[in-house]
Amino acid sequence: MKSMGAGSGVKPAPSGVLRVGVIGAGVMGTNHARVFAGLPNIALVGVVDPLPAHRARATEYTNCRTFDRLDDLIAQGVDAVTIAAPTHLHHEIARACIAHSIHVMVEKPIASSVEEGQDIVDAAAHAGVTLMVGHVERFNPAVAAIKHAIAGEDILSIAITRVGPFPPRMSNVGVVIDLAVHDIDLIRWFTESDIVEVQPQLSSAVAEREDIALLQFRTASGVLAHINTNWLTPFKARNVTVATRGKYVMGDLLTRQVTECFGFKPDGSYSMRHLPVGHDEPLRAELIAFLQAVRTGGLPAVSGDEGVASLEIATRCLESSPKPAAAPSARKGPRRVAG
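Conventions we followed
- Residues numbered from 1 in each chain as written.
- Predicted model: local features only at pLDDT ≥ 70, side-chain atom pairs only at ≥ 80, totals over all residues.
- Heavy atoms only, no water.
- Helix = DSSP H or I, 4+ residues; strand = E, 2+ residues; numbered from the N terminus.
- Salt bridge = Lys/Arg side-chain N within 4 Å of Asp/Glu carboxyl O.
- Buried < 20%, exposed > 50% of the residue type's maximum accessible area, 1.4 Å probe, protein only.
- Arc of directions from axis to C-beta.
- Contact = heavy atoms within 4.5 Å.
- Phe/Tyr/Trp six-rings, centres within 6.5 Å; stacked < 30°, edge-to-face > 60°.
- Lys NZ or Arg CZ within 6 Å of the ring centre and 35° of its normal.

A. Just unusual backbone geometry, in detail. With omega at -15 degrees, the peptide bond leading from Lys108 into Pro109 counts as cis. As for its position among the elements, Pro109 is in the loop between strand E5 (103-107) and helix H5 (114-127). Positive phi, normally seen in glycine, also occurs at Asn41, with a value near 60 degrees. Mapped onto the secondary structure, Asn41 falls in the loop between helix H1 (27-37) and strand E2 (42-48). One non-glycine residue, Glu192, adopts positive backbone phi at about 55 degrees. Mapped onto the secondary structure, Glu192 falls in the loop between helix H7 (175-191) and strand E8 (195-203).

This is the structure:
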């Protein structure tokens, strides 16, 4: 699996205080600003959002300046930005920032289409700026513990459940782009292999777009993987299980409890232990990783190429989902019993 990206050949940012900005002041963007405001050697120049209510919230949480236009933030001089605007704006905003040689972290998915995502990757590489994609689940301490536990193991299968209630803020995408793209990225990261086969089953039960998705995959390395995701469950659940030839690892990404079963015996007995899990805030760890890549010019933790690859698989799930079969005609009269 390729993990190269715009970090290769990138010009490091000047040493000293980094001047950063946030574009989009919804829930995620406001959290970006909150984290930046608390980091050392970082100057939060401002937050951009066209909505006065969003700007007011950002000011309340961070006491930073706000702008209603991107050009006004760029005019203040920034070294790096994070983009937490709606997905359909990612391409336009990222290209504008890259044109001013500003390092960029764009929230997942990288763009609305694979073509737009690849264009962002190409532009960043040409400009020599860092491009990172915000797949924050990689920075969940429970995910890190799972990744460590399966390192060097012969992985056989992965199953991920990511379910919850319908989010009122969601309007232009379904569960595959909003939720499953997290887990597509995790499957590729856990296996360090590309996904080569996709078998999706989608349904729209209560929403305009798909709100139930059962997705099956096979990686180039032969791992079978399954994602179960929906917006119909009244509570959030985020669970990962990984089966290898030597162990079985179970992780709850919300409670951050990771359990490992190992030492399988012919009589069916085995040993079990809870693995140590860190306490870092995933978003804080992610933004620190982005800033480290900006400072050093090194490869980002999640490259633009990786972001595009996960979006491409999610898009294939939407494009290749089989059409539902026509409902069978109603039977008239009782069914005749043979014999």
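B. Molecular detail of the pattern of salt bridges. Tallied over the full model, the rule gives 16 salt bridges. Between Lys247 and Glu153 there is a salt bridge, with its nearest N and O atoms 3.9 Å apart. You can see Lys247 sitting in strand E12 (residues 247-252) and its partner Glu153 sitting in the loop between helix H6 (141-149) and strand E7 (155-165), a full 94 residues away along the chain. What makes Lys247 buried here is its relative accessible area of 13%.

C. Spatial organisation of helix H2 (residues 52-62). Among the residues of H2, Arg55, Ala58 and Thr62 are the ones counted as buried. The arc that holds every buried residue of H2, seen down its axis, measures 60 degrees, which confines them to one face. The outward face of H2, more than 90 degrees from its buried face, is lined by the exposed residues Pro52, Ala53, Glu60 and Tyr61. Buried residues belonging to H2 abut H1, E2 and strand E3 (66-67). Once H2 finishes, Asn63 follows within two positions and takes phi at roughly 60 degrees, a positive value.

D. Spotlight on the packing of aromatic side chains. Taken as a whole, this structure holds three aromatic pairs when the rule is applied. Measuring from centroid to centroid gives 5.1 Å for Phe166 and Trp231, while their planes differ by 85 degrees, and the two rings are edge-to-face. In this pair, Phe166 sits in the loop between E7 and H7 while Trp231 sits in the loop between strand E10 (224-230) and strand E11 (232-244), placing the two residues 65 residues apart along the sequence. Among the residues examined, Phe166 registers a relative accessible area of 38% and is labelled partly exposed. Aromatic side chains Phe264 and Tyr270 sit 6.0 Å apart centroid to centroid with 55 degrees between the ring planes, which places their arrangement in the tilted category. According to the relative accessible area criterion, Phe264 is partly exposed, its value standing at 43%. In this structure Tyr270 comes out as partly exposed when scored by relative accessible area, which is 46%. Residue placement shows Lys147 over the ring face of Trp189; its charged tip is 4.9 Å from the ring centre.

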